[in-house]
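Listed here are the chains, written in short residue letters.
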Amino acid sequence: MTKRIAVLTSGGDAPGMNAAIRAVVRCGVHEGWEVFGVRNGYKGLMEGDILQLGPRDVGGIIQLGGTILGSARAPEFKEVAGREKALAQLRQREIDALVVIGGNGSQTGANALYEMGFPVVGVASTIDNDLYGSDITIGVDTALNIALEAIDRLKTTASSHRRAFLVEVMGRDSGYLALMAGIAGGAEAILIPEVPTTPEQVAREIHAAYERGKLHGLIVVAEGAYDADELLAYFKEHHPELGFEIRATTLGHVQRGGAPGAFDRLLATRLGAGAVKAIAEGNYGVLVGSKATEIIATPYAEIVGKKKPLDMRMVELANVLTQ
Ligand code: F6P
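Residues numbered from 1 in each chain as written. Predicted model: local features only at pLDDT ≥ 70, side-chain atom pairs only at ≥ 80, totals over all residues. Heavy atoms only, no water.

Draft legend 1. Region of the structure containing the environment of Val 221. Relative to the helices and strands, Val 221 resides in strand 8 (residues 217-222). We classify Val 221 as buried; its relative accessible area is 0%. Other than its neighbours up to four places away in sequence, Val 221 contacts Leu 166, Val 167, Glu 168, Val 169, Ala 178, Leu 191, Tyr 226 and Leu 231. (Helix = DSSP H or I, 4+ residues; strand = E, 2+ residues; numbered from the N terminus. Buried < 20%, exposed > 50% of the residue type's maximum accessible area, 1.4 Å probe, protein only. Contact = heavy atoms within 4.5 Å.)

Draft legend 2. Inspection of the nonpolar core at higher detail. In this structure, Val 99, Ile 101 and Ile 279 are the most contacted members of the largest nonpolar core, which totals 61 residues. Three or more residues apiece are contributed to this core by two domains, here domain 1 (4-139 + 260-302) and domain 2 (143-256). Judged by nonpolar contacts, the second largest core, of 20 residues, contains Tyr 42, Met 46, Leu 90 and Val 120. (Core = buried A, V, L, I, M, F, W, Y, C linked by side-chain atoms within 4.5 Å. Domains from an automatic or database assignment.)

Draft legend 3. Representation of the sheet that holds strand 4 (residues 97-102). Reading across the sheet, the six strands line up as 3-2-1-4-5-10 and stay open at both edges, with mixed pairing between neighbours. If you trace the sheet from one side to the other, it starts and ends with strand 3 (50-53) and strand 10 (286-288), each paired once. Recorded for the sheet is a direction-independent mean angle of 30 degrees between the axes of neighbouring strands. Pairing geometry for strand 5 (residues 120-124) and strand 10, over three bridges, is parallel. Paired with Val 121 across the strands is Val 286, a residue of strand 10. Contacts from helix 1 (residues 17-30) reach strand 1 (4-9), strand 2 (34-38), strand 3 and strand 4, with the element oriented near 160 degrees to strand 4. Relative to strand 4, helix 4 (residues 104-115) is tilted by about 165 degrees, and along the sheet it contacts strand 4, strand 5 and strand 10. (Pairing = 2+ DSSP bridges. Axes fitted to C-alpha atoms, helices over the stretch in contact; angles between N-to-C directions.)

Draft legend 4. Looking closely at the packing of helix 7 (residues 199-211) against helix 8 (residues 228-238). Helix 8 packs onto helix 7 with a crossing angle of 70 degrees between their chain directions and a minimal axis gap of 11 Å. On the basis of the axis angle, helix 7 is roughly perpendicular to helix 8. Crossing handedness for the pair helix 7 and helix 8: right-handed. For the pair formed by helix 7 and helix 8, the contact residues are Pro 199, Glu 200, Val 202 and Ala 203 on the first element and Leu 231, Tyr 234 and Phe 235 on the second. Residue composition of the contact of helix 7 with helix 8, by class: six nonpolar, no polar and one charged. (Parallel < 35°, antiparallel > 145°, perpendicular 65-115°, else oblique. Left-handed = near helix turned anticlockwise from the far one by under 90°. Nonpolar A, V, L, I, M, F, W, Y, C, P; charged D, E, K, R; others polar.)

Draft legend 5. Just a nonpolar patch on the surface, in detail. A surface patch of nonpolar side chains, about 350 Å² in accessible area, is lined by Tyr 300, Ile 303 and Val 304. Of note, Ile 303 is situated in the loop between strand 10 and helix 10 (312-321). Under the relative-accessibility criterion, Ile 303 is labelled partly exposed at 38%. (Patch = residues over 30% accessible without salt bridge, like charges linked within 9 Å, V, L, I, M, F, W, Y side chains within 5 Å. Areas by Shrake-Rupley, 256 points an atom, 1.4 Å probe, with all protein chains shown as cover. Salt bridge = Lys/Arg side-chain N within 4 Å of Asp/Glu carboxyl O.)

Draft legend 6. Quick look at unusual backbone geometry. Positive phi, normally seen in glycine, also occurs at Glu 94, with a value near 55 degrees. Its place among the elements puts Glu 94 in the loop between helix 3 (80-92) and strand 4. With a relative accessible area of 54%, Glu 94 lands in the exposed category.

Draft legend 7. Looking closely at the pattern of salt bridges. On inspection of all chains with the given rule, the structure shows 13 salt bridges. Taking the shortest distance from any N to any O, the salt bridge between Arg 172 and Asp 128 comes out at 3.9 Å. Placement of the pair is Arg 172 in the loop between strand 6 (163-169) and helix 6 (176-184) and Asp 128 in the loop between strand 5 and helix 5 (140-161), with a sequence separation of 44 residues. In this structure Arg 172 comes out as partly exposed when scored by relative accessible area, which is 45%. In this structure Asp 128 comes out as buried when scored by relative accessible area, which is 9%. Two residues, Glu 245 and Arg 247, come together in a salt bridge whose shortest N-O distance is 2.8 Å. Taken together, the shared-partner salt bridges connect Arg 163, Glu 245 and Arg 247 into one network.

Draft legend 8. Spatial organisation of the domain arrangement of the protein chain. Each assigned domain of the protein chain is listed with its residue range as follows: domain 1 (4-139 + 260-302) and domain 2 (143-256). Using only C-alpha atoms to locate each centre, domain 1 and domain 2 end up separated by 34 Å. If you look at the interface, domain 1 gives 10 residues, while domain 2 gives nine residues. Here domain 1 packs against domain 2, burying approximately 860 Å² in sum over the two surfaces, 47% of which is carbon and sulfur. Of all residues in domain 1, Asp 13, Ile 127 and Asp 128 give up the largest surface area on contact with domain 2, accounting jointly for 53% of the area buried on that side. Inspection of the region where domain 1 meets domain 2 yields two salt bridges. (Buried area = accessible area lost by both parts, 1.4 Å probe.)

Put into structure tokens, the structure is as follows:
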């Protein structure tokens with residue numbers, strides 16, 4: 001049966017959202033459906049800012065950061081009246097199902113719409129990587145690499161001047177970005193909301209690093225743990241014994257902008273295709289995400305002489321996406 005589906009991006013944008021939109025449109029068209037894009041998230045949905053999208057409309061966007069559909073935070077959608085408006089727009093256009101590409105708040109909104117009786121499928125997308133139901137979400141890998149590049153750069157100048165740097169990274173209430181960037185960047189200290197740490201503990205660690213002869217002291221700070229500028233002021237006033245001179249850098253929205261890396265393009269493509277599959281199966285009220293990233297040890301007896309096969313589902317997906 002011909003379906004009419006709509007797709008929107010909501011909340012904070014994430015590198016890879018465009019790749020997900022492209023996959024939803026092209027896989028939807030491949031199913032023989034009509035696909036519509038909603039501009040500016042739930043705000044545009046309530047206003048009826050909806051346009052039909054074909055394969056050509058999503059050409060040349062896979063490498064673009066941000067979202068071609070636009071995104072917005074829409075407090076009105078949190079109210080039943082706001083969602084009724086959205087439902088009226090969807091019904092007026094005879095839309096059968098909605099794909100919501102976004103993070104925590106967006107998926108909460110999607111679930112509220114689903115509970116009001118509308119078929120909704122979510123796609124896990126946020127640089128914060130705090131969505132239950134997906135090991136990794138769209139945008140995380142790119143944001144992490146941006147944070148890492150900044151850390152690497154700060155480390156070289158820090159070493160030249162024998163300085164400590166507080167580097168504040170995004171993540172809202174989640175310490176994931178900070179923890180991973182800190183580990184990959186070889187930080188001397190990592191401050192995350194999940195593990196309460198006092199400035200005094202950090203001061204001790206950084207002073208000890210100085211005493212061990214280190215040339216730099218990189219302290220990665222999750223925005224959900226501390227404000228780097230406030231921490232800088234605190235250290236300057238209360239901890240003159242650090243050894244290192246100290247500076248602070250807040251990375252901010254730089255982490256959300258720019259082109260998605262290969263990992264995010266592929267993840268977003270697969271999740272977008274997964275959303276279309278869920279709709280085709282009538283599987284609504286679900287978040288499409290990715291699972292299983294455990295580190296495992298496999299006996300040689302099970303691996304030697306065997307060649308890991310290519311995932312042929314990816315070959316099929318590649319054929320669908322070349323529209
Ligand atoms: O949820 C993504 C995120 O970038 C968070 O890491 C950050 O706290 C927040 O969005 C910033 O929101 P805004 O773009 O509205 O300032």
